[in-house]
Amino acid sequence: MPEMESGGVGLLDFDGDGWLDIFFVSGGSLNPGPMPGSGNQLYRNLQNGRFEDVTAASGITSGSDYGMGCACADFDGDGWVDIYVTNLRANRLWKNNGNGTFTDVTEKAGVTCPSWSTSAAFFDANGDALLDLVVVNYIKWTPETELACFSRGGRPDYCSPLNYQAPAVTTLYRNRGNGTFEDVTKSAGLEQAYGNGLGVAVGDFNQDGRLDFFVANDAMPNQLWLNQGNFRFIDEGLLRGCALNSHGTARAGMGVVAVDLLDRGWMDLFVTHLVGEGNGLFINTNGYFIDTRSPRGPTTGSLPHTGFGIAFADFDHDGVQDLYVANGRVKYGDQSILPDDPYAEPNSLLRGLGGGEFERVNPEGGTATPLVATSRGLAIGDLDNDGDLDGVVINRDSSPHLLRNEVPKRGRSIQFRLVDPRDHLVPNARVCVEAAGRRQFRQASPNEGYCSSQDPRVHVGLGSADGVDRVTVRWPSGSEEAFGPYPPGGIVTLQQGSGRPSSDVFQYK
């Protein structure tokens, strides 16, 4: 079963040179044990379109680990991005030493989480400027509990998670500020709900000034954990309308992102699903969600596919977010596209038209020759620092795909680094970019999608605008500041405490 869910990919600047490097989480075969040579790999960006494998020099080892996903962030506030790797049985936290090497500090930090973990995210749960950690767990599985399942044609195939009847609890760790974490899962209230968790997205979904998180569950109701303060959370997914679809049915939730699709100032949720279900969009209406489908919405064309990795990004700089989905089956279908991979599918690229409408881009996946594989993790970021967003897709039993953006542009763009007074990146800060009379809302969301970690910078396409009039930042601490104006192009650093006081953009309770 774990072979079907692995793995993820992370984009991070681990050496501090201003260029994104790539971390691959690799699984392979589990029969009879992890495949030799299938360990995680770290590639340094050489700034010339090429990457160098520095796994051995970095000190990152995989041993007997069977990898699933990763979350990249500076957990200890020393200015260097660390890597948390989720695994089948025990996770690992790799501390960045700042000299190109990493040290395994998992046991010292107290974040082993001996479960089958999938996605994870660092976020400041209590406003103390320390990054806490949420870890999503799938099912309670061991080789001894593996089951024999079959496709409709009678061939041996992978099982549904419901066959195991062993859902898990999401784990929450509080950052103590001294390099260690405290497991607060029980006291936070997370043991009140179980699920087959695969994806996680962080955001202030009810706009009360505290960061919440959403867990996408496979074939079970999703969970929306609303932050009550003092490290207490309540699952209000059913009450708020995002646990089930509009028919009251649980779908197979894989990846998830929090996105302000209509630029209203509220974070919506987009979840990838199983073939025949179609991907799902929950529109946020004042803290309550509506399962929404429309003929030209972002779920268009998703019924024939099984989606995993997902990202909204403005690939053509027209000021409207586009959508990329990494697809790959989990069961045999009636027909196979590739004779040597019965689970392979093309990925999906949809161009945003504005007003929540999209159109499919052909060939599928946006490449001249469609790339067909069993895709899982997806990370989007500006790999060559040319101002547009590229992509990396990790594929099951195959090489990854590195996608360089060559889309004809419909305008200029700008990127923002959101940092604290010590120049450390601040995840989950929100921005409102005002240009040419319109507003665009974005969130710095490095840890979301499916088992992956994205470019931590905020990228905004400007369309016909010749610059940015004002940028307003809502920091996780609750303060708001305005910056700008700025000309288009380049990467602008917005430092907390250096802007102008503002209170007229974000609508918080």
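Here, the structure is the one placed above.
Residues numbered from 1 in each chain as written. Predicted model: local features only at pLDDT ≥ 70, side-chain atom pairs only at ≥ 80, totals over all residues. Heavy atoms only, no water.

Digging into the overall build of the protein chain
Point 1. Looking only at helices and strands, the protein chain has four helices and 39 strands in total.
Point 2. Taken against the 2.2 N^0.38 rule, which gives 23 Å for 509 residues, the C-alpha radius of gyration of the protein chain at 21 Å falls within 12% of a compact globule.
Point 3. For the protein chain, the C-alpha atoms occupy an extent of roughly 65 × 50 × 50 Å along the three principal directions.
Point 4. Per-residue burial for the protein chain yields a buried fraction of 60% across its 509 residues.
Point 5. Put simply, of all contacts in the protein chain between residues at least 6 apart along the chain, 57% involve residues at least 24 apart.
Point 6. Total accessible area computed for the protein chain in this model is approximately 19100 Å², and 50% of it derives from carbon and sulfur atoms. (Helix = DSSP H or I, 4+ residues; strand = E, 2+ residues; numbered from the N terminus. Rg over C-alpha atoms; globule rule 2.2 N^0.38 Å. Buried < 20%, exposed > 50% of the residue type's maximum accessible area, 1.4 Å probe, protein only. Contact = heavy atoms within 4.5 Å. Areas by Shrake-Rupley, 256 points an atom, 1.4 Å probe, with all protein chains shown as cover.)

Quick look at the pattern of salt bridges
Point 1. In this structure the tally under the stated criterion is 30 salt bridges.
Point 2. Between Arg410 and Asp316 there is a salt bridge; the shortest N-O distance is 2.7 Å. Taken together, the residues span a long stretch of sequence, with Arg410 in the loop between β31 (401-403) and β32 (412-419) and Asp316 in the loop between β23 (307-313) and β24 (322-327) at a distance of 94 residues.
Point 3. Arg410 gets classed as partly exposed once you look at its relative accessible area, which sits at 44%.
Point 4. A relative accessible area of 2% places Asp316 in the buried class.
Point 5. Among the salt bridges present, the one from Glu359 reaches Arg351, with a minimum N-O distance of 3.5 Å.
Point 6. Through salt bridges with shared partners, a single network forms among Asp316, Asp318, Arg351, Glu359 and Arg410. (Salt bridge = Lys/Arg side-chain N within 4 Å of Asp/Glu carboxyl O.)

Looking at empty space enclosed by the protein
The method is simple in principle: a probe with the dimensions of a water molecule rolls over the atoms, and the space it marks as empty is what remains.
Point 1. The full count for this structure, using the stated rule, is five cavities of 30 Å³ or more.
Point 2. Its boundaries defined by the atoms lining it, the largest cavity holds a volume of some 420 Å³.
Point 3. Elements supplying a minimum of two residues to the lining of the largest cavity: β19 (256-259), β23, β34 (438-443) and β35 (458-463).
Point 4. The residue makeup of the lining of the largest cavity, split by class, is 14 nonpolar, six polar and six charged.
Point 5. Volume-wise, the second largest cavity comes out at about 110 Å³.
Point 6. Lining the second largest cavity are 18 residues, with Thr300, Gly301, Ser348, Leu349 and Leu350 positioned closest to its centre.
Point 7. Sorting the residues of the lining of the second largest cavity by element identifies β24 and β26 (348-354) as the ones contributing at least two each.
Point 8. For the lining of the second largest cavity, the residue count by class is six nonpolar, ten polar and two charged. (1 Å grid on protein atoms, 1.4 Å probe; cavity = no way out; pocket = protein on both sides within 12 Å on 5 of 7 lines; lining within 4 Å. Points joined across faces, edges and corners; volume = space filled by probe spheres on them. Nonpolar A, V, L, I, M, F, W, Y, C, P; charged D, E, K, R; others polar.)

Focus: the sheet that holds β35
Point 1. The sheet built from three strands is open, its strands ordered β35-β32-β38 with mixed pairing. Edge positions in the open sheet fall to β35 and β38 (491-495), since each of these has one partner strand only. The average angle at which neighbouring strand axes cross in this sheet is 30°, direction not considered.
Point 2. With five bridges joining them, β32 and β35 adopt antiparallel strand pairing. Each bridged residue has a counterpart across the sheet, and for Gln415 the counterpart in β35 is His459. (Pairing = 2+ DSSP bridges. Axes fitted to C-alpha atoms, helices over the stretch in contact; angles between N-to-C directions.)

Description of the packing of aromatic side chains
Point 1. Under the counting rule described, the total for this entry stands at 17 aromatic pairs.
Point 2. Look at Phe270 and Phe312: their rings are 5.4 Å apart centre to centre, the planes differ by 85°, and that puts the pair in the edge-to-face class. Of the two residues, Phe270 sits in strand β20 (residues 268-271) while Phe312 sits in strand β23, which places them 42 residues apart along the sequence. Considered together, Phe270 and Phe312 belong to a single accessibility category, that of buried residues.
Point 3. Through a chain of ring-to-ring contacts, three or more aromatic side chains come together here, namely Phe123, Phe213, Trp225 and Phe233.
Point 4. Over the ring of Tyr288 we find Arg240; its NZ or CZ atom is 4.3 Å from the centre of that ring.
Point 5. Here the guanidinium or amino end of Arg376 rests over the ring plane of Phe308, the centre of that ring lying 3.9 Å away. (Phe/Tyr/Trp six-rings, centres within 6.5 Å; stacked < 30°, edge-to-face > 60°. Lys NZ or Arg CZ within 6 Å of the ring centre and 35° of its normal.)

Quick word on the environment of Val492
Point 1. Note that Val492 resides in strand β38.
Point 2. Owing to a relative accessible area of 15%, Val492 belongs among the buried residues under this scheme.
Point 3. A sequence separation of 411 residues divides Val492 from Val81, and the C-alpha atoms of the two residues are 19 Å apart.
Point 4. Apart from the residues within four sequence positions on either side, Val492 is in contact with Ile414, Gln415, Phe416, Arg417 and Tyr486.

Read these as geometric descriptors, not functional statements.
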